[in-house]
Amino acid sequence: MHELSIARSLLGLVKENTPEHAKVRSVLVRVGPLQAIEPGAMQLAWHAVTDDSPLDGVELSLTLVPWELHCSACDRRWTSENWSDPCQCGSCRVDPIGGHELTLLSLDIEEIEPEESKGSQPVMRKPA
Ligand SMILES: [Zn+2]
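The shown structure was predicted, so the numbers you read here are calculated from the model rather than taken from an experiment.

Trainee: Would you mind going over helix α2 (residues 39–50) with me for this structure?
Mentor: Because each turn of an α-helix spans 3.6 residues, side chains separated by three or four positions in sequence point in the same direction. Given a rise of 1.5 Å per residue, twelve residues ought to cover 16 Å, and the 16 Å separating the end C-alpha atoms of α2 matches this to within 8%. The complete set of buried residues in α2 reads Ala 41, Met 42, Ala 45, Trp 46, Val 49 and Thr 50. Within α2, the buried residues cover an arc of 155° as seen down the axis, which keeps them to one side. On the buried face of α2, the contacting elements are α1 (2–17), β1 (22–31) and β2 (59–64). At the exit of α2 stands Asp 52, carrying a positive phi of roughly 65°.

Here you go:
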């Protein structure tokens, strides 16, 4: 499954960007059209790769970006859901620009207190 390898890449990105002593709650990712992601399959793949990992239960939000198109006849640029749209000028010499993005936009992180400062330590007293 194509989405599974993308989910693994994302998992790597999230791990790299998560500070120590922090727990990730949700992840926002921007995905270009050339990644050809099917959102439902992506959620399943994300669940599969995070299961039994420290990121189990982390919510994945996808922002799917439209095609950015360029007309080589009139040099117009625009965005569209459909890469095969002809240009307003009537030319079909239209090429997609980019589209390979897989960008981690934001991480919703919960800071976790380091072990040493958590609660009150039992105080050991020497017997008098
Ligand atoms: Zn044009």
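Trainee: Help me understand the environment of Leu 55, please; the structure alone is not making it clear to me.
Mentor: Mapped onto the elements, Leu 55 comes out in the loop between α2 and β2. Note: C-alpha distance between Leu 55 and Lys 23 (32 residues apart in sequence) is 8.1 Å. Non-local contacts of Leu 55, meaning those with residues more than four positions away in its chain, are made with Leu 11, Val 14, Lys 15, Val 24 and Thr 50.

Trainee: How should the pairing of strand β3 (residues 67–71) be read in this particular structure?
Mentor: Looking down a regular strand, the side chains alternate between one sheet face and the other. With four of five residues buried, β3 is to be regarded as a mostly interior element. Across four bridges, β3 lies against strand β4 (residues 77–80) in antiparallel orientation. What sits directly across from Leu 69, in β4, is Trp 78. Hairpin connection, β3 to β4: the antiparallel pair is bridged by five residues, and Asp 75 has positive phi, about 65°. Strand direction decides the pairing type here: β3 and strand β5 (residues 94–97), joined by four bridges, are antiparallel. When the bridges of β5 are listed, Leu 69 appears paired with Pro 96.

Analysis parameters
- Residues numbered from 1 in each chain as written.
- Predicted model: local features only at pLDDT ≥ 70, side-chain atom pairs only at ≥ 80, totals over all residues.
- Heavy atoms only, no water.
- Helix = DSSP H or I, 4+ residues; strand = E, 2+ residues; numbered from the N terminus.
- Expected span 1.5 Å × (residues − 1).
- Buried < 20%, exposed > 50% of the residue type's maximum accessible area, 1.4 Å probe, protein only.
- Arc of directions from axis to C-beta.
- Contact = heavy atoms within 4.5 Å.
- Pairing = 2+ DSSP bridges.

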